[in-house]
Each structure stands twice: as structure tokens, then as C-alpha cells.
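A closer look at the structure
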Amino acid sequence: MKFKADEIASVIQKEIEQFESRVDVREVGRVIEVGDGIAQVYGLSGVMSGEMLQFPRDVIGLAFNLEENSVGVIILGDYLKIQEGDEVRATGRLLRTPVGDAVLGRVLDPLGNPLDGKGPVKTLDYRLVESPAPGVSDRQPVREALQTGIKAVDAMTPIGRGQRELIIGDRKTGKTQIGVDTIINQKGKDVKCFYVAVGQKDSTVAGVIETFRQHGAMEYTTVIVAGASAPAPLQYIAPYAGTAMAEYFMYKGQHALIVYDDLSKQAVAYRQLSLLMRRPPGREAYPGDVFYCHSRLLERSAKLSDDLGGGSLTSLPIVETQEGEVSAYIPTNVISITDGQIYLQPDLFFRGQRPAMNVGISVSRVGGSAQIPAMKQVAGGLRLDLAAFRELEAFAQLGSDLDAATQQRLERGYRMNELLIQGVCQPLDVIDQVLVIHAGVKGFLDAIPVSSIRLWEKEFLTWFHDRKQSLWDRVKALTGKMGEEETELVETAIVEFNEYFAKTN
């Protein structure tokens, strides 16, 4: 076989021309200790706090503790795949998660990996899991209502777009249900919804997802799951990852809602990591910066200024109490960060008052500015009236004789209580809420037996939509504001229906 010198020379010449002198420089370290979801790594002197680290076998870690001679790493995956002596590479990147329209309708883990069997999330957009909250000058006051569809909440503790309203109470008092109902009520309102399940049983989360599917809410909802079986590092970062996905829409000038279910379990996961990392424990063994852990998360919810597009991110953090202890460490921390709280009381729940909202402790610091004018008109004094009724009710149980005026207030209070009871996954349009609350507050239900109040409400709304739809549309067109004429027409309609109801029942 003959070699052609000119051909060989041309090949060598071409290789020399295309040669690029590149040096592959990587910062690498070695695992010196691993276990319980964390690892100690030696040799990564230039690593950043919060930087992603690459372990063998496709395991990712997050630089958590920067110590003098080593780096404490939390492992976002299966730590059992990692062994002492394994090589660890610094990536030079902070933790990111996929965002955009592609995440809507999906069930994901906090890293954006699919859990619904529908294949990978196809998007080119990513956001940092941890990012700074908007500054004061980048925000505007919360004025636009975000309707939950729950009468008791929309009337007494209204939520506005950009607000942070805490849902707090003992276990099994209906906290998750308020978040679920609020998400279902956003159908057709152009609000992107995110439900972050932290430390929940997988069966519970599956039930929530099925509820969303049945009510057509999964089209605009993303579920981020770091369940009870997930490692503590994933439970810790899940709320931040969900917020990053929601922030994408806020900065696009759109509206988003996020439910954190629940932050007390995230705090427990953070405590676990901190104690394993030998961070000094404080009250209830939580690390000293657990307040910062929640404040930097919840401050990212805002109503942006018009210069930034006017988008909003509304958050409903959920916190579980033990035996109604709202003065415990995590509950008081989150209460001080948020713009109000809905406190659910066990004895009200077991008495059949659903939602079991204690109107004395529940408050919205945004108040009437997040309500439509008609709701502000009819529900202005409702919270105080119900709080006074609770005291009267306790007094009446002593069995002393009551005067006629007090007896009448008690009777009306019983009817208003019954009127505010609402079934699960049955959100009401705000105009429907205004109509029934107006009837109760103005005394049109005083002659209706307490046991018939819910039947009255159901039949009244059906009758009103059948016979008085034009009046309903008129109130809706006035953005919910009822003038004297509209109020008179509504009251005439209520009286007309009461006569019909008395005949038929």
C-alpha cells in the first residue's frame, strides 16, 4: 500500500489549522463523609453558597455550609448512591428550575423532574430557585380582589392579588381545602396556580390532584411535590422552586397564586438539615435563621408596579398548630411576615361550621381595599357582628333570661352562621355571595327556620338566575357596586322569593 505524502501533508495541515488549545479546568473535591441526606466535601475552596455540585451517578448537591476546611452539602436525590472518596465537581451555577407555560398542568418535583409520567418538561426558560424579592419601589398597594369563592373568607378576610394570607389551624380542620377551593375558583380568571405539597402523604397529594382534575383546574395549575417520603433537602427547597415557577408569570405582567402546604413541615426539614450540619440550635431546636428562611420566601409575593408590568403573585401559606397554640415559634414567625391570617378552630369544625373560621382571631390587613364595592357595602360590619354573636352565645348558655333585642341578635347570628357554611369544592361567584349575605345582614332571613337556611340559599340562587338574570348582570356590570336602585330591586326580588319559598316548603 502506497502512502501519498501530499495527502498526508494536507491532512496534517488541516488538523494544525483547526487545533484549539483548550485547557479543561474544573474545581473538584472529595467526599469525606456522607449520610442522612448530607455530605462533607474536602477541596472545593472556591465554591459559592447555594452552588450546584455534581456527584457521580447523576446526583446533584447544593453547597449549604461553607466551613474552613470543608463544604457541607445537602444532597438533592438519593444519598445512598454516594460513597466516601467520590469525586465532586463544582458547576459554577446556582440551583435553577424550569419555568414557563410548559410547567402548567404538570406534577413535578422541586427540580422540575416529572412525576406524572408525561415525559420531560419541554422549555428553554429557567429561573434561579433563590432570587431576591422585589423592592419597595417595585411594588404597588394591593387593591385588586382575588376571589376565593368562599363566602366567609371573601366577606370577612378578603384576599387581594399580591397579598400573603396565612391559613393556620390544627390538623384536620380544613386548611388544605381552603387552598384547593381557591385554586378551583380561579377557573376562567386568568390566574396561574401553583400548589406546593411539602411533607404530605402521597395519598393525600394524589387526592388533591384528582380533585383538580375533576374540576378542570389542572389546565392552569402546577403541582410541586416533595412528599413525606422525599428527602429533607427536597422538602426544604420545594417552596422556593414553586415560587420561582410562579414568579415567571408575575414578571411577565400576569397573575399567579401559590399555596404552600405546609410551611411548618418545611421548617422541620430545615431544622433537620441544620442540626445535621452542626448549626447551633435555638428555640424549639430550630436554627436562628428559620425566620429568614420564611421571610425571604414570602417577601417574593407582591403586586408589581405598573412600570414592571403590574403582575402579581398571591401566596396562601399554610401552618399547622398543636392544640391551637398560635403563639408557638413557627406560627408567630409566619404571622408576623404575612398580611393576615385565617384561623381555623377545631371545635367549630366538629360543630359543622365549615370553613371553621374563628372571626375574632382571623384578620386581613388589606381589608376592604381588596373587596368589590358591593361586598364592602353588605359585609362591612359582618365580622364584628359575628364576633359579638359568639360572646352572646356563650352568655346565653348560662340560661339567664334574655331581652327581646338580644334574643333577636342571637337568632340572626345563628342564621348568618348557617349561611356562611359552604360545601367543599363549591366556590360561589362573588355576586351570588353578595346577594345571599345582603339577605342575611338585612334581616330577610329572620323568618326562615335555621334548618332551612342552606336550602333557601340553594333555591334562591337558582331562582334568581332563572328569573332575574338581567339584574344579576346589571350588578356584575357595575363591577359589583349596588346603587340605591339596584339595592331596592334586589330586596324586592328577595321578598318575592321568600313568598315563593314559604309556599313551596
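In this text the structure is predicted, and so the values were computed from the model without any measurement.

**Examining the layout of surface pockets**
Taken as a whole, the largest pocket spans an internal volume of roughly 680 Å³. In terms of residue count, the dominant contributor to the lining of the largest pocket is helix 3 (residues 175–184) (5 residues). Tallied by class, the residues present in the lining of the largest pocket amount to 9 nonpolar, 11 polar and 10 charged. In this structure, the second largest pocket occupies an estimated 380 Å³ of space. Every residue lining the second largest pocket is counted, 17 residues in all, and those nearest its centre are Ser49, Gly50, Glu130, Tyr236 and Arg296.

**Details of the sheet that holds strand 2 (residues 38–42)**
Strand-to-strand pairing in sheets goes through backbone hydrogen bonds, with the strands running parallel or antiparallel. A barrel is described by the order of its strands in space; here 6 strands give the closed sequence 1-2-5-4-3-6, paired in antiparallel fashion. Ignoring strand direction, the axes of neighbouring strands in this sheet form an average angle of 45°. The sheet contact formed by strand 1 (residues 28–35) and strand 2 spans 5 bridges and is antiparallel. Looking at strand 2, one finds that arginine 30 is bridged to tyrosine 42. Relative to the sheet, helix 5 (residues 232–250) contacts strand 4 (59–66) and strand 5 (71–76), its axis offset from that of strand 5 by approximately 85°. Of the strands in this sheet, strand 2, strand 4 and strand 5 touch helix 6 (residues 263–276), which is tilted by about 70° from strand 4.

**A closer look at the packing of helix 11 (residues 382–396) against helix 12 (residues 404–420)**
Where helix 11 meets helix 12, the closest approach of the two axes is 9 Å, and the angle between their N-to-C directions is 120°. At the point where helix 11 passes helix 12, the crossing takes the left-handed sense. Here Leu382, Leu386, Ala388, Phe389, Arg390, Leu392, Glu393 and Ala396 of helix 11 come into contact with helix 12, specifically with Thr406, Arg409, Leu410, Gly413, Tyr414, Met416, Asn417 and Leu420. When grouped by side-chain class, the residues that make up the contact of helix 11 with helix 12 number 10 nonpolar, 3 polar and 3 charged.

**Notes on helix 4 (residues 202–214)**
With 13 residues, helix 4 should cover 18 Å at 1.5 Å per step; its first-to-last C-alpha distance of 18 Å lies within 8% of that length. Taken together, the buried positions of helix 4 are Val205, Val208, Ile209, Thr211 and Phe212. Along the axis of helix 4, the buried positions cluster into a sector of 155°, meaning they face one direction only. Among the exposed residues of helix 4, those oriented more than 90 degrees off its buried face are Ser203 and Gln214. On the buried face of helix 4, the contacting elements are strand 8 (107–108), helix 3, strand 11 (191–198) and strand 12 (221–226). Two residues or fewer past helix 4, glycine 216 is found with a positive phi of approximately 70°.

**Quick notes on the environment of methionine 482**
Of note, methionine 482 is situated in the loop between helix 15 (469–477) and helix 16 (484–504). Of the residues examined, methionine 482 reaches a relative accessible area of 5% and is grouped as buried. The spatial distance from the C-alpha of methionine 482 to the C-alpha of glutamine 397 is 39 Å, given a sequence separation of 85 residues. Not counting residues up to four positions away in its chain, the partners in contact with methionine 482 are Ala374, Gln377, Val378, Val434, His438, Val475, Thr487 and Val490.

**Brief notes about empty space enclosed by the protein**
Using the criterion set out here, one finds 2 cavities of 30 Å³ or more in the structure. Quantified by volume, the largest cavity comes out at close to 60 Å³. In terms of lining residues, the largest cavity is bounded by Ala152, Met156, Gln353, Pro355, Met357, Val359, Leu386, Arg390, Asn417 and Leu420. Counting residues per element, the ones that place at least two in the lining of the largest cavity are helix 2 (151–156), helix 11 and helix 12.

**Re the sheet that holds strand 14 (residues 312–320)**
Strand order across the open sheet formed by 8 strands is 8-12-11-13-14-10-15-16, with mixed pairing between neighbours. Each edge of the open sheet is held by one strand with a lone partner, namely strand 8 and strand 16 (363–364). As judged from the 6 bridges shared by strand 11 and strand 12, these two strands associate in the parallel manner. By the bridge assignment, valine 198 is partnered in strand 12 with alanine 226.

Cut-off values and rules
- Once a new chain begins, its residue numbering starts again from 1 and follows that chain's sequence as written.
- Given that this is a predicted model, residues contribute local features only at a pLDDT of at least 70 and side-chain atom pairs are listed and counted only at 80 or more, while totals for whole chains, interfaces and linings are drawn from all residues.
- Side-chain numbers come from the whole structure's heavy atoms, not from hydrogens or water.
- For each structure, a 1 Å grid was placed over the protein atoms alone; sets of points admitting a 1.4 Å probe that cannot get out are labelled cavities, open sets with protein on both sides within 12 Å along at least five of seven lines are labelled pockets, and lining residues have an atom within 4 Å of a point.
- Grid points are joined across faces, edges and corners, and a volume is the space filled by probe spheres set on the points.
- Helix numbering and strand numbering both begin at the N terminus, where a helix is a DSSP run of H or I of at least 4 residues and a strand a DSSP run of E of at least 2.
- Think of it as three bins: nonpolar holds Ala, Val, Leu, Ile, Met, Phe, Trp, Tyr, Cys and Pro, charged holds Asp, Glu, Lys and Arg, and polar takes everything else, Gly as well.
- Two strands qualify as a pair provided DSSP detects at least 2 bridges between them.
- As a rule, the C-alpha atoms of each element are fitted with a line to give its axis, helices using only the stretch in contact, and angles between N-to-C directions run from 0 to 180 degrees.
- Only heavy atoms enter the contact rule, under which two residues are in contact if any of them lie within 4.5 Å.
- For any helix crossing, the convention is left-handed if the near helix is rotated counterclockwise from the far helix by under a right angle, and right-handed if that rotation is clockwise.
- Here, expected helix span is obtained from the residue count minus one, scaled by 1.5 Å.
- Remark: exposure states derive from per-residue accessible area (1.4 Å probe, protein chains only) relative to the maximum for the residue type, with buried under 20%, exposed over 50%, and partly exposed in between.
- By construction, the arc corresponds to the directions joining the helix axis to the C-beta atoms.

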